[in-house]
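Structural description and commentary
One-letter residues, chain by chain:
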2 protein chains.
Amino acid sequence: MGRPQMSGEDNLLRLVEAEDGDENNYHLQDQVGFILRKAHQRHVSIFASHIGDLTPPQFAALAKLYDIGETSQNQLGTLIAMDAATVKGVIDRLKARGLVELAKHEVDKRRLLVNLTAEGREAIERLIPLARTITEETLAPLTAKEAATFLRLLAKLA
Amino acid sequence: MGRPQMSGEDNLLRLVEAEDGDENNYHLQDQVGFILRKAHQRHVSIFASHIGDLTPPQFAALAKLYDIGETSQNQLGTLIAMDAATVKGVIDRLKARGLVELAKHEVDKRRLLVNLTAEGREAIERLIPLARTITEETLAPLTAKEAATFLRLLAKLA
DNA sequence: TCAAATTCATTCGTATGCAAATGATATCAG
DNA sequence: CTGATATCATTTGCATACGAATGAATTTGA
């Protein structure tokens, strides 16, 4: 309890602040950032337990390519919320595994087009059902109604 | 819209699945993991805009040490939800900046004790008010009631 | 007691994640 | 038309994040 090395002045301060709503009593576990980080960690762990050979960002890239088809690396990054440096690493690793293929844009020579390979398409089709399970397990501590509320509010923050 | 390279068989499949609740229509942006990742990214960005010289994990370490006083590196990691390898890096960097100091445990020679320096204590006392601002800004898209609901449900998931 | 299991810390390897700088290309404005 | 801007991609550097392996120290249990 309390802060260590608490001096007499600190005790006095505490009394004053108690009248003011205990403002100095900062608890990390009540902060939205800390809980958000832990919830995210838990989800990543659940993801890994169901899909061991792909990370959530890699899955996101494949799922988005499956949804929209060939697109530029930069545009893909925008759609899956990754900056250019991050998306490059993700795509490089997917390419190394033969799940996506790259091509130069014929008109705009700056652009690098990304698309699923046949193998990548098979993989994402196989994995999407597992992703539904992962979502369910992540939300399992909530009732259906709570989960709906949570997703609505979370979307407002994202 | 729809999947690229859609064949006649795929169109047939779509009709069948439409009767079954459109199960094949997987959208990344509706998945809790993806939204959680984006909400977390947004929070980190808000954090950085207010506290530029410390990361959220570094802040968490200092705040926890301020709360509970000297503890072992391993125990600190448990309290701030970081594995041993991660917490070591965080503490190493805080040590290099003179915000924490390390000492060997006299009885249990495996343990490495971590504590705030005077400078570290000053820093965290100065930063805690900013952390409250960060929390407020992160939750700003929600009403007070929504924020309370959100935090309650998020805690259940973390 | 003492071998087995556990705990604490470190190290290595891999994978995000982002800021900043750079180079190539494309677009815009005067 | 052309210089200023903007966009796309890459690279570098730093900071989490975690699995797995390792070594040292402690605790457990037969």
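Refer to the preceding data block for the structure.
This report concerns the structure included in the present document. Small disclaimer: the values here were computed from a predicted structure and weren't measured. (Residues numbered from 1 in each chain as written. Chains lettered and ligands numbered in written order. Predicted model: local features only at pLDDT ≥ 70, side-chain atom pairs only at ≥ 80, totals over all residues. Heavy atoms only, no water.)

1. Side note on empty space enclosed by the protein
Applying the stated criterion across every chain, the model contains 1 cavity of 30 Å³ or more. Volume-wise, the largest cavity comes out at about 190 Å³. In terms of lining residues, the largest cavity is bounded by 17 residues, among which A:His43, A:Phe47, A:Pro56, B:Gly33 and B:Phe34 are the most central. Sorting the residues of the lining of the largest cavity by element identifies α2 (32–50), α3 (56–68) and α6 (118–139) of chain A together with α2 (32–50) of chain B as the ones contributing at least two each. (1 Å grid on protein atoms, 1.4 Å probe; cavity = no way out; pocket = protein on both sides within 12 Å on 5 of 7 lines; lining within 4 Å. Points joined across faces, edges and corners; volume = space filled by probe spheres on them. Helix = DSSP H or I, 4+ residues; strand = E, 2+ residues; numbered from the N terminus.)

2. Looking at the pattern of salt bridges
Overall, the coordinates contain 12 salt bridges over all chains when judged by the stated rule. Put simply, B:Asp53 and B:Arg97 hold a salt bridge, and the shortest N to O gap is 3.8 Å. Of this pair, B:Asp53 sits in the loop between α2 and α3 (56–68) while B:Arg97 sits in the loop between α5 (84–96) and β2 (100–104); the two residues are 44 residues apart in sequence, bridging distant segments of the chain. In this structure B:Asp53 comes out as partly exposed when scored by relative accessible area, which is 44%. In the salt-bridge network here, residues are joined through shared partners; they are A:Asp108, A:Arg110 and A:Arg111. (Salt bridge = Lys/Arg side-chain N within 4 Å of Asp/Glu carboxyl O. Buried < 20%, exposed > 50% of the residue type's maximum accessible area, 1.4 Å probe, protein only.)

3. Structural notes on the side chain of A:Thr117
Residues and elements named next belong to chain A. Tracing the backbone shows Thr117 in the loop between β3 (112–116) and α6. Classification of Thr117 by relative accessible area gives buried; the value is 15%. With residues near it in sequence (within four places) discarded, Thr117 still touches Gly98, Leu99, Val100 and Glu101. (Contact = heavy atoms within 4.5 Å.)

4. As for the sheet that holds strand β1 (residues 71–72) of chain A
Residue and element names in this part refer to chain A. Reading across the sheet, the 3 strands line up as β1-β3-β2 and stay open at both edges, with antiparallel pairing between neighbours. Each of the sheet's edge strands pairs with one partner strand only, and the pair in question is β1 and β2 (100–104). Bridge count between β1 and β3: 2 bridges; the pairing is antiparallel. What sits directly across from Thr71, in β3, is Val114. Relative to the sheet, helix α5 (residues 84–96) contacts β2 and β3, its axis offset from that of β2 by approximately 115°. (Pairing = 2+ DSSP bridges. Axes fitted to C-alpha atoms, helices over the stretch in contact; angles between N-to-C directions.)

5. Notes on the layout of surface pockets
Considering only enclosed or pocket space, the largest pocket measures out at about 260 Å³ in volume. Along the wall of the largest pocket there are 18 residues; nearest its centre are A:Gly33, A:Phe34, B:His43, B:Phe47 and B:Pro56. Here the lining of the largest pocket is built from residues that sort into 11 nonpolar, 6 polar and 1 charged. (Nonpolar A, V, L, I, M, F, W, Y, C, P; charged D, E, K, R; others polar.)

6. What about the sheet that holds β2(B)?
All names here are of chain B. Read across the sheet, 3 strands follow the order β1-β3-β2 without closing on themselves; strand pairing throughout is antiparallel. Each having just a single partner strand, β1 (71–72) and β2 make up the two edges of the open sheet. Sitting on the sheet, α5 is in contact with β2 and β3 (112–116), with an inclination near 115° to β2.

7. Things to note about the protein's contact with DNA strand C
The environment of DNA strand C is formed by 23 residues, the closest being A:Thr55, A:Arg93, B:Gln73, B:Asn74 and B:Leu112. Restricting the count to atoms of DNA strand C within 4 Å of the protein gives a sugar and phosphate share of 77%. Here B:Asn74 contributes a backbone N or O atom positioned 2.4 Å from a phosphate oxygen of DNA strand C. Interatomic distance of 2.7 Å between a side-chain N/O atom of B:Arg110 and a base oxygen of DNA strand C. Elements represented by at least two residues in the surface near DNA strand C include exactly α3 and α5 of chain A together with α2, α4 (73–79) and α5 of chain B. At 4 residues, α5(A) tops the list of elements feeding residues into the surface near DNA strand C. A class-by-class count of the residues in the surface near DNA strand C yields 7 nonpolar, 7 polar and 9 charged. (Near = heavy atom within 4 Å. Polar contact = N/O pair within 3.5 Å; in protein donor to acceptor, adjacent residues only side chain to side chain.)

8. Comments concerning the protein's contact with DNA strand D
Taken together, 23 residues sit near DNA strand D, with A:Gln73, A:Asn74, A:Arg110, A:Leu112 and B:Thr55 positioned nearest. Each atom of DNA strand D within 4 Å of the protein belongs either to a base or to sugar and phosphate, the latter forming 76%. A distance of 2.5 Å separates a phosphate oxygen of DNA strand D from a polar backbone atom of A:Asn74. Breaking the surface near DNA strand D down by element, the ones donating at least two residues are α2, α4 (73–79) and α5 of chain A together with α3 and α5 of chain B. When residues of the surface near DNA strand D are assigned to their parent elements, the largest contribution, 4 residues, is made by α5(B). Class assignment of the residues belonging to the surface near DNA strand D gives a composition of 7 nonpolar, 7 polar and 9 charged.

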